[in-house]
Amino acid sequence: MAGDRGGGWYPLMLSADLEPGTVAGCILRGRELAVWRDGAGQAHVWDDRCPHRGMRLSLGFVREGTLACLYHGWRFGAGGRCVHIPAHPDLTPAATIRAAPLRAVERHGLVWTAPEDGESSAPQDDPAMDAVEWTPVRSLRIDAPWGNVATAIGMPDGCRVAVLDRDVAGPVLAAILPVDGARCMLHLLAGGPADRGGDRGRLHDLADWAQDVCRRMEETA
């Protein structure tokens, strides 16, 4: 299996899959996360646990720029602090009542997070990636270790994110999220805008290729 030399930033999901006012669940190396986008378009990544009763915040809903827990409706602002308790609407919640935000950045059509504070302020600072317009293709969950998947699709040893040169599809940005020791998510983006002539077929071919990768990896896992 390839080693893990991809740095401390992890590609959680395609930006296109996180619409404004929505929240989604995600798992990073066994750590459950809530990924949500406020009405202004800003993406946020938090630990998936309400500080009140431990309910998963990914089951909640976005309202007026806050993330609300489904259980008792406690609402948390972008910085994580509780700003409203429905059962006590006139009460100003204590500053100590807060969710646990992680750093979140969007780049190359992906939502990223860095669980450790020591990492750089931006993921994948690569001029080659910055120079390309990336079109989202699809994300797949693969029941196989991430390193095995990386090796199978031709990523450089130890990398979780890389540009692949495929003759049929052109440049492809492949980003792998380790879910746990036996599962991962593969996110794929194609180089260039999707509205060029013939590109729809190219994107479909790439999606089919990814599905075939998933099938082969799970058969041999």
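Residues numbered from 1 in each chain as written. Predicted model: local features only at pLDDT ≥ 70, side-chain atom pairs only at ≥ 80, totals over all residues. Heavy atoms only, no water.

**Quick look at the packing of aromatic side chains**
Scanning the model with the defined rule gives two aromatic pairs in all. Seen in terms of ring centroids, Trp 36 and Trp 46 are 5.2 Å apart; in terms of plane orientation they differ by 80°. Their pairing is edge-to-face. Of this pair, Trp 36 sits in strand E3 (residues 31–37) while Trp 46 sits in strand E4 (residues 43–47), and the two are ten residues apart along the sequence. Residue classification places Trp 36 among the buried positions, given a relative accessible area of 0%. The exposure class of Trp 46 is buried, given its relative accessible area of 1%. Ring centres 6.5 Å apart and planes at 90° place the aromatic pair Trp 46 and Phe 76 in the edge-to-face group. Taken together, the residues Trp 46 in strand E4 and Phe 76 in strand E7 (residues 75–76) connect sequence positions 30 residues apart. For the pair formed by Trp 46 and Phe 76, the shared burial category is buried. Chaining the aromatic ring pairs together yields one cluster made of Trp 36, Trp 46 and Phe 76. (Phe/Tyr/Trp six-rings, centres within 6.5 Å; stacked < 30°, edge-to-face > 60°. Helix = DSSP H or I, 4+ residues; strand = E, 2+ residues; numbered from the N terminus. Buried < 20%, exposed > 50% of the residue type's maximum accessible area, 1.4 Å probe, protein only.)

**What about the side chain of Asp 38?**
Looking at the secondary structure, you find Asp 38 in the loop between E3 and E4. Buried charge without a partner: Asp 38 forms no salt bridge, and the closest opposite charge is Arg 37, 7.1 Å away. Here Gln 42 takes part through its backbone nitrogen, which lies 2.9 Å from a polar atom of the side chain of Asp 38. In terms of polar contacts, Asp 38 uses its side chain to reach the side chain of His 44, at 2.9 Å. Beyond its immediate sequence surroundings of up to four residues, Asp 38 is in contact with Pro 20, Gly 21, His 44, Val 62 and Gly 65. (Lys, Arg positive; Asp, Glu negative; His and termini not counted. Salt bridge = Lys/Arg side-chain N within 4 Å of Asp/Glu carboxyl O. Polar contact = N/O pair within 3.5 Å; in protein donor to acceptor, adjacent residues only side chain to side chain. Contact = heavy atoms within 4.5 Å.)

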